[in-house]
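# Examination of the molecular architecture
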Amino acid sequence: MILISSARFQEHTTPPGHPERPERAEVFDHVAAAWRDMGGRVAEPRPATRAELLRVHDAAHVEAIAGTSGRAVMLDPDTFTSPESYEIALLAAGAAVQAAEHALETKETAFALVRPPGHHAERDKAMGFCLFNNVAVAAAAAVARGLSRVAVVDIDVHHGNGTQSMFYADPRVLYVSSHQFPFYPGTGAADEVGTGAGKGFTFNVPLAAGATDADYAAAYRTIAGVLERYAPQLVLVSAGFDAHESDPLASMRMTTAGYAAVVKSLADTARRIGCPMALVTEGGYDLDALRACLDATLAGI
Ligand SMILES: [Zn+2]
């Protein structure tokens, strides 16, 4: 396992009281420092290239985010930039690509600890704290290397509307998500299964508010079967930890141990398939729960 992270992720700032705050990057720094102390490796990310972004975002969106350089801008009621945000968002997307490349090239699991998160960002707009869709940029990079079966498993409590829509018609990327439903952003019903050639390559597991470790364990047994049938060449995990019982935004009741078990079940499935895995952080807004989930995840896979 290698971590990919940078102290620079603190430089993307949001207005006071915003849950997606720079202190989340301090958690990443603590986790990375503890990892180093145990002899683990931590790599600095590189920025995503324009070509990498343009695989999933349109040019107008990339220009719009680039245009916020040096400025604080409200992009939607939840989503803000600070002067450094463009640069930091490039690093977040680059870290995700790097994690995927590392996993493919070495077969070793890689975990990118990044902010801002990515899975709500759409082809043409920022949304829900997300500027560029980090995991989607990584999935598209894997496809560009010639892979024909990339699975994205989204364990964040919110549905990854952006990731789903980017690959909705594309069988080369299977999008699987468990999420609180109905809830923000509104998408992710079980009957959203893909379209055209992509039909059957989107798999949503909507869960009612209050879902427990047992509910999640059951969901991930089903998801393991879906992954085994797809036989991906790479598993990417959108690793949001906001289904934790302590999270201030959502209403699920997962414990730290439950989250670690979900990630371990994905890692075990990937191992069984003989497929590398890379993880990229998404949400997780209780700082203690975020730290605990990251530590437990790293210890368990
Ligand atoms: Zn979330």
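For the structure itself, look to the data block above.
First, a word on what this report is: a plain description of the structure on this page. (Residues numbered from 1 in each chain as written. Predicted model: local features only at pLDDT ≥ 70, side-chain atom pairs only at ≥ 80, totals over all residues. Heavy atoms only, no water.)

With that settled, the discussion passes to the overall build of the chain. The number of helices and strands found in the chain is nine helices and 10 strands. Taking 19 Å as the expected radius of gyration for a compact globule of 301 residues, we find that the chain reaches 17 Å, a close match to that expectation. In terms of principal-axis extent, the alpha carbons of the chain reach across some 45 × 45 × 40 Å. Within the chain, buried positions represent 58% of all 301 residues. Here the chain displays about 10700 Å² of accessible surface, and carbon together with sulfur accounts for 55% of that area. (Helix = DSSP H or I, 4+ residues; strand = E, 2+ residues; numbered from the N terminus. Rg over C-alpha atoms; globule rule 2.2 N^0.38 Å. Buried < 20%, exposed > 50% of the residue type's maximum accessible area, 1.4 Å probe, protein only. Areas by Shrake-Rupley, 256 points an atom, 1.4 Å probe, with all protein chains shown as cover.)

Here we come to helix α9 (residues 287-300). Residues lying three or four places apart along an α-helix face the same way, a consequence of the helix completing one turn every 3.6 residues. With 14 residues, α9 extends 20 Å between its outermost C-alpha atoms, agreeing within 8% with the 20 Å of an ideal straight helix rising 1.5 Å per residue. For α9, the set of buried residues is A289, L290, C293, L294, T297 and L298. All buried residues of α9 fall inside an arc of 155° around its axis, so they share one side. Summarising the geometry of α9, the exposed residues directed more than 90 degrees from the buried face are D288 and A299. Taken together, the buried residues of α9 touch β1 (2-4), α1 (23-37), β5 (110-112), α8 (256-273) and β10 (277-281). (Expected span 1.5 Å × (residues − 1). Arc of directions from axis to C-beta. Contact = heavy atoms within 4.5 Å.)

Mapped onto the elements, S82 comes out in the loop between β4 (79-81) and α4 (85-106). A distance of 2.9 Å separates a polar side-chain atom of S82 from the backbone nitrogen of T13. If sequence neighbours within four positions are ignored, S82 has contacts with E11, H12, T13, T68, R71 and A72. (Polar contact = N/O pair within 3.5 Å; in protein donor to acceptor, adjacent residues only side chain to side chain.)

Time to look at unusual backbone geometry. Residue R115 is joined to P116 through a cis peptide bond whose omega torsion reads -5°. For P116, the position within the fold is in the loop between β5 and α5 (134-144). Phi at K107 is positive, roughly 70°, even though this residue is not glycine. Within the secondary structure layout, K107 lies in the loop between α4 and β5.

So, about the coordination of the zinc ion. Taken together, D156 (OD), D156 (OD), H158 (ND1) and D242 (OD) make up the protein donors of the zinc ion, found 2.0 to 2.8 Å from the metal. Between the four donor atoms coordinating the zinc ion, the angles at the centre fall across 52 to 153°, so the site counts as irregular. Along the chain, the residues that donate to the zinc ion are spaced as D-x1-H-x83-D. Taken together, the residues span a long stretch of sequence, with H158 in the loop between β6 (150-154) and α6 (161-166) and D242 in the loop between β9 (234-239) and α8 at a distance of 84 residues. A residue is classified by how much of its surface remains accessible, and D242, at 0% relative accessible area, is buried. (Donors = N, O, S within 2.8 Å, 3.2 Å for Na, K, Ca; no water. Tetrahedral: all angles 85-135°; square planar, octahedral: opposite > 155°, others 65-115°.)

Below, the discussion takes up the packing of α8 against α9. Across the interface, α8 lies against α9 with an axial gap of 9 Å and an inter-helix angle of 40°. As judged from the angle between their axes, α8 and α9 are oblique. As for how α8 packs across α9, the hand of that crossing is right-handed. Facing T256, Y259, A260, V263 and K264 of α8, the residues of α9 in contact are A292, C293, A296, T297 and G300. Considered class by class, the residues forming the contact of α8 with α9 number six nonpolar, three polar and one charged. (Axes fitted to C-alpha atoms, helices over the stretch in contact; angles between N-to-C directions. Parallel < 35°, antiparallel > 145°, perpendicular 65-115°, else oblique. Left-handed = near helix turned anticlockwise from the far one by under 90°. Nonpolar A, V, L, I, M, F, W, Y, C, P; charged D, E, K, R; others polar.)

Let us now look at the sheet that holds strand β7 (residues 173-180). Two modes of strand pairing occur in sheets, parallel and antiparallel, and in both the strands are linked by backbone hydrogen bonds. Strand order across the open sheet formed by eight strands is β2-β1-β5-β10-β9-β6-β7-β8, with parallel pairing between neighbours. Each of the sheet's edge strands pairs with one partner strand only, and the pair in question is β2 (41-43) and β8 (202-207). When the angles between neighbouring strand axes are averaged without regard to direction, this sheet yields 15°. Looking at chain direction, β6 and β9 are connected through five bridges and run parallel. Across the sheet, residue A151 finds its bridge partner in β9, namely V235. In this fold α8 packs onto β6, β9 and β10, with an angle of close to 155° to the strand it touches most, β10. (Pairing = 2+ DSSP bridges.)

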